[in-house]
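# Overview (structure and organization)
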Amino acid sequence: MPKRIIIIEDDRGVYEAMSILLEDEGYDVLVVPNGTNYAKHISAYKPHLIFLDMLLSGVDGRDICRHLKNDANTQSIPVTMISAHPSAKDSITKCGADHFLAKPFDIDELLDLAQRFTSKTN
Amino acid sequence: MKMVNRLFTFIHPIRHLGEKNYTGKYAFIVTLGSAILLEIINSTFTLEQSVFSVIAIFWFMILIIYFSFRFGTNGGTMAVVITLGYYFYIIIIRDNNPTQVNQSIRSALFLGLAYQSIAFVIGHLKQRIDHLLEQETLQKQHLQIIMKQLPDGLIITDNQGNITHNNDHVKKILHTPIHKGLNISHITSLLHTPNTRRPVQKLQSSWLSTLRSKRTIVNQEYVIKSKNSSDKHITLSITPICNHQGQLIASVMTIRDTTIQKESEQRKDDFINMASHELKTPITSLKLYIKVLENHIKSFPTPKTKQITKSLKDQAEKLQDLAHVLLDVSYIQTGKLKLHKTTFRLDQLISEIITEMQAKDKTHHHQIETLQPLKVHADKLRISQVITNILANAVKYTNINDTINIRLTRSNGHALISVKDNGIGIPKNQHQKIFDRLYQANRTSQKSYPGMGMGLYIAKEIIDKHGGNIWVESKPKKGSNFHFSIPVE
């Protein structure tokens, strides 16, 4: 069974390329382009890893991360937060994210992360 | 009483120094009046000849001296003419003997000559003093006009820091009344540091010590807090003024309101910051698409597709570097460049960078001369950025197949890194400027070298933040030797 990854990201250029790349690597990918109904998708899709953008239109990715980590059903899913602001790393760690990727990140690092986190979760 | 005072002021010759009123009318009236009065007294009391002569000579001499000093040569000469006229009148009326008349006329003429000499000397002295005083007044007025019309606030103090002169701009800039005699500490107490917005505590003592050591403070930046409006940014310069013996006699302080300039700089910095952040998302997307493309064409590899994907990767990499440079500059400009220090082996870092560079670019030889094992406590990423920048410059400004020599040694508690090339070199007058923002050496050279002129500016800021130094030894066509030092652990 392929590992499932959810990308919560509102920039089409990023989520489209990320999903193709990860699908090419053998993952199942679901894109949630706005952060409003993420909970429904996560409970239905049961991902092994979530890539979450920090600044989504209308929603703060850190709030989503806090909710996920406070919910018993989702707290075990690894969350990697993505942001163009490296200075946001501290606040991202505080909201419970497992990893932080600063844009523009290294592609090999992204693939390595996907491999590492999805192999941990069942 | 007022009348007496007015009369006294009018008579007093010293009070009228500087006035160019050279009339003879008062001398005419008073001297003629004196002569008539003397005639009346003489006819009433029949004075003795000798008493009359003494009065006639000395009283008129006093009048001539007075009028010369009060109304210049005109006043003096008028008094002399009236006096001589009176003398001739006396001679003609009283002396009957022609021989005596002749003798008296000769004496009167002789006396007249002496009187005129006195009137001439004293009159000219008075006129010269008037001229000098007028010049001084004019100069003062000019100085006041210049001070008033200067675009900056200007304060002149004595050697103790007490204000002797200031223009109106000072009050406008500082939002506080300033007057003569006020100490400079009153102004320094209004100043706050630009970053922390805290009051500048030690400026008063540092200001005095700076002046005593005859050093100049140039364009120091401060903030003035205002209750009613937004804070004001100023730059302050202080110049000590010394006499010929080198003693401090005064100081000149100029205050410039730079609020508008600062606001526009802030907007520019905000824009660069925003733009460099905004660039990151499309660059991320671009890199992802390149990777996707690379994966998809793996199945039918041709030399051309390989070349295209490599070029795409390189260009995306360049774009990413550009965004990083812009962001670094924005951090430096806003004082947000932060160091994340760790302890690491500098020699190992240099080896890693050289290995990586050689893997990417085989056009130049990197030769390690000395690589002393040294541990430093520094920001590894930032130091790596500086080394990479200097090495990249060496590659950029040398010919293909040239050798670049690298040294790491310990010197006076510092790790000293030197990168020597035999490239085009830098003229001595540009050795300092190359570390300025947007400065690029050899702009006039025929060959163009790509770059924004930001690399060494960022490198210098990073090294300065580490408490180190960065400098260059170079001559045109003889190559460059870049050095930087940071404290060892």
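Data block above holds the structure.
This report concerns the structure included in the present document. (Residues numbered from 1 in each chain as written. Chains lettered and ligands numbered in written order. Predicted model: local features only at pLDDT ≥ 70, side-chain atom pairs only at ≥ 80, totals over all residues. Heavy atoms only, no water.)

This part is about the sheet that holds strand β8 (residues 365–371) of chain B. Residues and elements named next belong to chain B. With mixed pairing, the five strands of this open sheet are ordered in space as β8-β10-β11-β13-β12. Each edge of the sheet is formed by a strand with only one pairing partner; in this case those strands are β8 and β12 (469–475). Pairwise comparison of adjacent strand axes, ignoring direction, gives a mean angle of 15° for this sheet. (Pairing = 2+ DSSP bridges. Helix = DSSP H or I, 4+ residues; strand = E, 2+ residues; numbered from the N terminus. Axes fitted to C-alpha atoms, helices over the stretch in contact; angles between N-to-C directions.)

For the rest of this paragraph, the subject is the pattern of salt bridges. Following the criterion strictly, the structure yields 25 salt bridges over all chains and no others. Note that Asp63(A) and Arg66(A) form a salt bridge whose closest N and O atoms lie 2.8 Å from each other. In this pair, Asp63(A) and Arg66(A) are both assigned in helix α3 (residues 61–70), three residues apart and thus about one turn of the helix distant. Residue classification places Asp63(A) among the partly exposed positions, given a relative accessible area of 35%. Judged by its relative accessible area of 37%, Arg66(A) is partly exposed. A salt bridge links Glu136(B) to Lys140(B), with the nearest nitrogen and oxygen atoms 3.9 Å apart. Taken together, the residues span about one helical turn, with Glu136(B) and Lys140(B) both in helix α4 (residues 98–149) at a distance of four residues. (Salt bridge = Lys/Arg side-chain N within 4 Å of Asp/Glu carboxyl O. Buried < 20%, exposed > 50% of the residue type's maximum accessible area, 1.4 Å probe, protein only.)

All names here are of chain B. All told, the structure shown has nine aromatic pairs over all chains when counted by the stated rule. Between Tyr-26 and Phe-71 the ring centres are 5.3 Å apart and the planes differ by 15°, which places this aromatic pair in the stacked class. Placement of the pair is Tyr-26 in helix α2 (residues 25–45) and Phe-71 in helix α3 (residues 49–94), with a sequence separation of 45 residues. Given a relative accessible area of 28%, Tyr-26 falls into the partly exposed group. Classification of Phe-71 by relative accessible area gives buried; the value is 1%. Put simply, the rings of Phe-10, Tyr-26, Tyr-66, Phe-67 and Phe-71 pair up and form one aromatic cluster. Positioned above the aromatic ring of Phe-10 is the side chain of Arg-70, whose terminal nitrogen or guanidinium carbon lies 4.9 Å from the ring centre. (Phe/Tyr/Trp six-rings, centres within 6.5 Å; stacked < 30°, edge-to-face > 60°. Lys NZ or Arg CZ within 6 Å of the ring centre and 35° of its normal.)

Residue and element names in this part refer to chain B. Direction vectors running N to C along helix α9 (residues 303–333) and helix α12 (residues 455–465) enclose 45°, while the axes themselves pass 10 Å from each other. Accordingly, the angle class assigned to the pair α9 and α12 is oblique. For the element pair α9 and α12, the recorded crossing hand is left-handed. Where α9 approaches α12, its residues Val-325, Asp-328, Val-329, Ile-332 and Gln-333 are matched on the opposing element by Tyr-457, Ile-458 and Glu-461. Here the contact of α9 with α12 is composed, by residue class, of five nonpolar, one polar and two charged. (Parallel < 35°, antiparallel > 145°, perpendicular 65-115°, else oblique. Left-handed = near helix turned anticlockwise from the far one by under 90°. Contact = heavy atoms within 4.5 Å. Nonpolar A, V, L, I, M, F, W, Y, C, P; charged D, E, K, R; others polar.)

Below, the discussion takes up the layout of surface pockets. All names here are of chain B. Of the volumes computed, that of the second largest pocket is approximately 560 Å³. Taken together, 17 residues make up the lining of the second largest pocket; nearest its centre are Asn-195, His-233, Lys-262, Gln-266 and Gln-333. Residue assignment for the lining of the second largest pocket shows that the elements contributing at least two residues are β4 (217–224), α8 (259–296) and α9. With six residues, α8 is the largest single contributor of residues to the lining of the second largest pocket. Here the lining of the second largest pocket is built from residues that sort into two nonpolar, nine polar and six charged. (1 Å grid on protein atoms, 1.4 Å probe; cavity = no way out; pocket = protein on both sides within 12 Å on 5 of 7 lines; lining within 4 Å. Points joined across faces, edges and corners; volume = space filled by probe spheres on them.)

Moving on, we come to the sheet that holds strand β1 (residues 4–8) of chain A. Residues and elements named next belong to chain A. Taken together, the five strands give an open sheet; going across it, the order is β2-β1-β3-β6-β7, and neighbouring strands pair in parallel fashion. Of all the strands in the sheet, just β2 (28–32) and β7 (99–102) have a single pairing partner and so form its edges. On average, adjacent strands in this sheet sit at an angle of 20° to one another, irrespective of strand direction. Note that β1 and strand β3 (residues 49–53) share four bridges and pair parallel. In the sheet register, Ile-8 faces β3, and the bridge partner there is Leu-52. Along the sheet, helix α2 (residues 38–45) makes contact with β1, β2 and β3, crossing β1 at roughly 175°. Most of the contacts of helix α5 (residues 107–120) go to β7, to which it runs at about 165°, and overall it touches β1, β3, β6 (79–83) and β7.

This part covers the interface of chain B and chain A. Taken residue by residue, the interface counts 16 residues in chain B and 22 residues in chain A. Note on chain B versus chain A: buried area summed over both sides is about 1600 Å², and carbon and sulfur give 67% of it. Here chain B is connected to chain A by one salt bridge. In this structure, Asp108(A) and Lys291(B) form a salt bridge, with 3.8 Å as the shortest nitrogen-oxygen distance. Between chain B and chain A we count eight residue pairs in polar contact (both at pLDDT 80 or more) in total. Sorting the residues of the side of chain B that touches chain A by element identifies α8 and α9 of chain B as the ones contributing at least two each. Its residues assigned to classes, the side of chain B that touches chain A comprises five nonpolar, eight polar and three charged. (Buried area = accessible area lost by both parts, 1.4 Å probe. Polar contact = N/O pair within 3.5 Å; in protein donor to acceptor, adjacent residues only side chain to side chain.)

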